[in-house]
Amino acid sequence: MVLKLLNDLISINSSSVEGANEAVRFCGDWLQENGLPVSFFENNGYTMLVSEIGSGDFTLVLNGHVDVVAAKAGQFLPYERDGKLYGRGSADMKAGVAAMMSALSELNGRELGIKVQLQIVSDEEIGGFNCTGFLVEKGYRGDFAICGEPTGLGIANQAKGVLRTDLRVTGEAAHGSRPWEGINAIEKAYGIYREILRLPFACESSDYYEKPSINLAKINAGGAYNVVPDQCMMGFDIRYLPGQDKDEILRQISGIEGVQLIPGMFSNPVNTERSHPFLQLLGEIVPRHTGREANYFGQHGSADTVFFAKYGIPAIEFGPAGGNWHGDEEYVEIDSVLAFRNILVELASSGRLAEFKGLTKKERG
């Protein structure tokens, strides 16, 4: 059932808003045909759905996205080879969505002692603000969230925060034939970039991360070959560590002489403690379906987990194994899809999740 569903999902070109909305509606129709309740939502032209089963004080959220990055037409024609299913979105993350839908269908009608809430969204690849961000703001938060991103069945209980900022650097214009009479803003900006790499925050590390990620993503300067540029704009994408503070990072950068800082968007790191009893339970279940010990790690990028973490809701990325997502040969390992589905079924029906409702925020992670 899950592989047929996954093949059908991959066949939908969901690289546009219209296509992603179509994929959400397809998922909703499938859920309803299998006897599950579905509520559709729309925000800023993006469609999403929520399907909830069970009863109790604890709610486990399963969150997945069906939008994908652009691809060639042939990548929406899935095919199997050597135990792998190929196609755009196979790993990122229609496999996770199909497995969660199948798990919800299997769990429907059981006495779980908890609620299981499936969220399927259509805008994660462009930030998630219109869908998961919208749902969380509306109160669809649960007590623990799993985003079924492709993690190789490893448990990503941390993720770096995102900080985007622009820096304006000013020099002095002069004739290009006499550069010593001016101050080249591009050269000055490059020196500032090198200083940023040496700031205290840039040299910090943690158990999961050697250092923050600092990407000089954009630069805009100069208008003519024969003029020394007097303005330079640099755009940075900084992925900072759990435990670091974005305001302190901005303070350090703004302390560099000659910098005019223009802060942009940010999202906080995800940091769900390894000691959380949910992760202990998941760590017991995973080996039974994979034949190996659970692997805990931190993501360099971010996912829709950030919207739950904003409200102190513990969240992880956890999903099937695959490779080349966003590439021409994207694939998912079929055995891992089945294992992920079965892990979710055992987890939700274990009878132990209801115990976690009374934990304090600190104890939850």
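Details of the structure are given in the entry above.
About the thresholds
Residues numbered from 1 in each chain as written. Predicted model: local features only at pLDDT ≥ 70, side-chain atom pairs only at ≥ 80, totals over all residues. Heavy atoms only, no water. Helix = DSSP H or I, 4+ residues; strand = E, 2+ residues; numbered from the N terminus. Contact = heavy atoms within 4.5 Å. Areas by Shrake-Rupley, 256 points an atom, 1.4 Å probe, with all protein chains shown as cover. Lys, Arg positive; Asp, Glu negative; His and termini not counted. Charge placed at Lys NZ, Arg CZ, Asp CG, Glu CD. Pairing = 2+ DSSP bridges. Axes fitted to C-alpha atoms, helices over the stretch in contact; angles between N-to-C directions. Buried < 20%, exposed > 50% of the residue type's maximum accessible area, 1.4 Å probe, protein only. Polar contact = N/O pair within 3.5 Å; in protein donor to acceptor, adjacent residues only side chain to side chain. 1 Å grid on protein atoms, 1.4 Å probe; cavity = no way out; pocket = protein on both sides within 12 Å on 5 of 7 lines; lining within 4 Å. Points joined across faces, edges and corners; volume = space filled by probe spheres on them. Nonpolar A, V, L, I, M, F, W, Y, C, P; charged D, E, K, R; others polar. Parallel < 35°, antiparallel > 145°, perpendicular 65-115°, else oblique. Left-handed = near helix turned anticlockwise from the far one by under 90°. Core = buried A, V, L, I, M, F, W, Y, C linked by side-chain atoms within 4.5 Å. Disulfide = S-S within 2.5 Å.

Asker: Could you give an account of the overall build of the protein, naming the residues involved and the relevant values?
Answerer: Along its length, the protein carries ten helices and 19 strands. Taking the contacts inside the protein whose residues are at least 6 apart along the sequence as the reference set, 79% of them involve residues at least 24 apart. Only carbon and sulfur atoms are counted for the fraction: they give 46% of the accessible area of the protein, which is about 16,000 Å². With 33 positive and 47 negative side-chain charges, the protein shows a separation of 3 Å between the mean positions of the two kinds.

Asker: Quick one: what's the story with the sheet that holds strand E5 (residues 84-86), residue by residue and with numbers?
Answerer: Pairing is antiparallel across the open sheet formed by four strands, whose spatial order is E4-E5-E19-E18. With partners counted over all chains shown, the strands left at the sheet margins are strand E4 (79-81) and strand E18 (322-323), one partner each. Note: E4 against E5, three bridges, orientation antiparallel. Considered in E5, the bridge of Arg 81 is made with Lys 84. Across the face of the sheet, helix H3 (residues 90-107) comes into contact with E5, E18 and strand E19 (331-333) while running at roughly 45 degrees to E19. Against the sheet, helix H9 (residues 334-348) engages E4, E5 and E19, with an angle of about 60 degrees to E19.

Asker: An account of the side chain of Glu 330 is needed here, citing residue identities and associated values.
Answerer: One can find Glu 330 in the loop between E18 and E19. Residue Glu 330 is classed as buried on the basis of its relative accessible area of 2%. Among the polar contacts made by the side chain of Glu 330, one reaches the main-chain amide nitrogen of Gly 89 at a distance of 3.0 Å. What Glu 330 contacts, discounting residues up to four positions off in sequence, is Leu 85, Tyr 86, Gly 87, Arg 88, Gly 89, Ser 90, Ala 91, Asp 92, Gly 323, Asn 324 and Trp 325.

Asker: Could you give an account of the layout of surface pockets, naming the residues involved and the relevant values?
Answerer: Approximately 810 Å³ is the volume found for the largest pocket. Forming the walls of the largest pocket are 30 residues, and the residues nearest its centre are Glu 124, Gly 127, Ser 302, Ala 303 and Asp 304. Residue assignment for the lining of the largest pocket shows that the elements contributing at least two residues are helix H4 (132-137), strand E9 (161-170), strand E14 (259-267) and helix H8 (305-309). Looking at the lining of the largest pocket residue by residue, the class counts come to twelve nonpolar, eight polar and ten charged.

Asker: Let's hear about the packing of H3 against H9: which residues, and what values?
Answerer: Relative orientation of the contacting elements H3 and H9 amounts to 40 degrees, with a least axis distance of 9 Å. As judged from the angle between their axes, H3 and H9 are oblique. By crossing handedness, the relation of H3 to H9 is classed as right-handed. Across the interface between the two elements, Ala 95, Gly 96, Ala 99, Met 100, Ser 102, Ala 103, Glu 106 and Leu 107 of H3 pack against Val 337, Phe 340, Arg 341, Leu 344, Val 345 and Ala 348 of H9.

Asker: For the nonpolar core, give the residues involved together with the corresponding values.
Answerer: Grouped together as the largest cluster of nonpolar side chains are 62 residues, with contacts concentrated most on Leu 60, Ile 120, Ile 146, Phe 278 and Phe 318. Looking at which element gives the most residues to this core, the answer is H3, with eleven residues. With residues near it in sequence (within four places) discarded, Phe 278 still touches Phe 58, Leu 60, Phe 144, Ile 146, Leu 347, Leu 353 and Phe 356. Counting 22 residues, the second largest nonpolar core, distinct from the first, contains Ala 189, Ile 196, Ala 202 and Ile 249.

Asker: Any chance you could break down the pairing of strand E2 (residues 46-54) for me, citing the residues and the numbers?
Answerer: Most of E2 is tucked away: seven of the nine residues are buried. The pairing of strand E1 (residues 39-43) with E2 spans five bridges and is classified as antiparallel. Across the sheet, residue Glu 42 finds its bridge partner in E2, namely Thr 47. The hairpin formed by E1 and E2 contains two residues between the paired strands, and Asn 44 there has a positive phi angle of roughly 55 degrees. Looking at chain direction, E2 and strand E6 (residues 115-121) are connected through six bridges and run antiparallel.

Asker: Explain the state of the cysteines residue by residue, including any values.
Answerer: The tally for this structure, following the rule as stated, stands at zero disulfides. You can see Cys 27 has no disulfide; the closest cysteine sulfur is in Cys 131, sitting 12 Å from it.

Asker: Which residues make up the sheet that holds strand E13 (residues 231-240), and what values do they have?
Answerer: The sheet built from four strands is open, its strands ordered E11-E13-E9-E14 with antiparallel pairing. In this open sheet, the two edge strands, each paired with only one partner strand, are strand E11 (213-221) and E14. Across the sheet, the axes of successive neighbouring strands diverge by a mean angle of 20 degrees, strand direction being ignored. Pairing between E9 and E14: seven bridges, direction antiparallel. Following the sheet pairing, Leu 163 is matched in E14 by Phe 266. Of the strands in this sheet, E9, E11, E13 and E14 are in contact with helix H5 (residues 185-196), which crosses E13 at around 20 degrees. Packed onto the sheet, helix H6 (residues 246-254) meets E9, E13 and E14 and runs at close to 160 degrees relative to E14.

Asker: Please set out the environment of Asp 166 residue by residue, giving values where relevant.
Answerer: Structurally, the position occupied by Asp 166 is in strand E9. Of the residues examined, Asp 166 reaches a relative accessible area of 28% and is grouped as partly exposed. Measuring from C-alpha to C-alpha, the distance between Asp 166 and Ile 262 comes to 5.0 Å, with 96 residues separating the pair along the chain.

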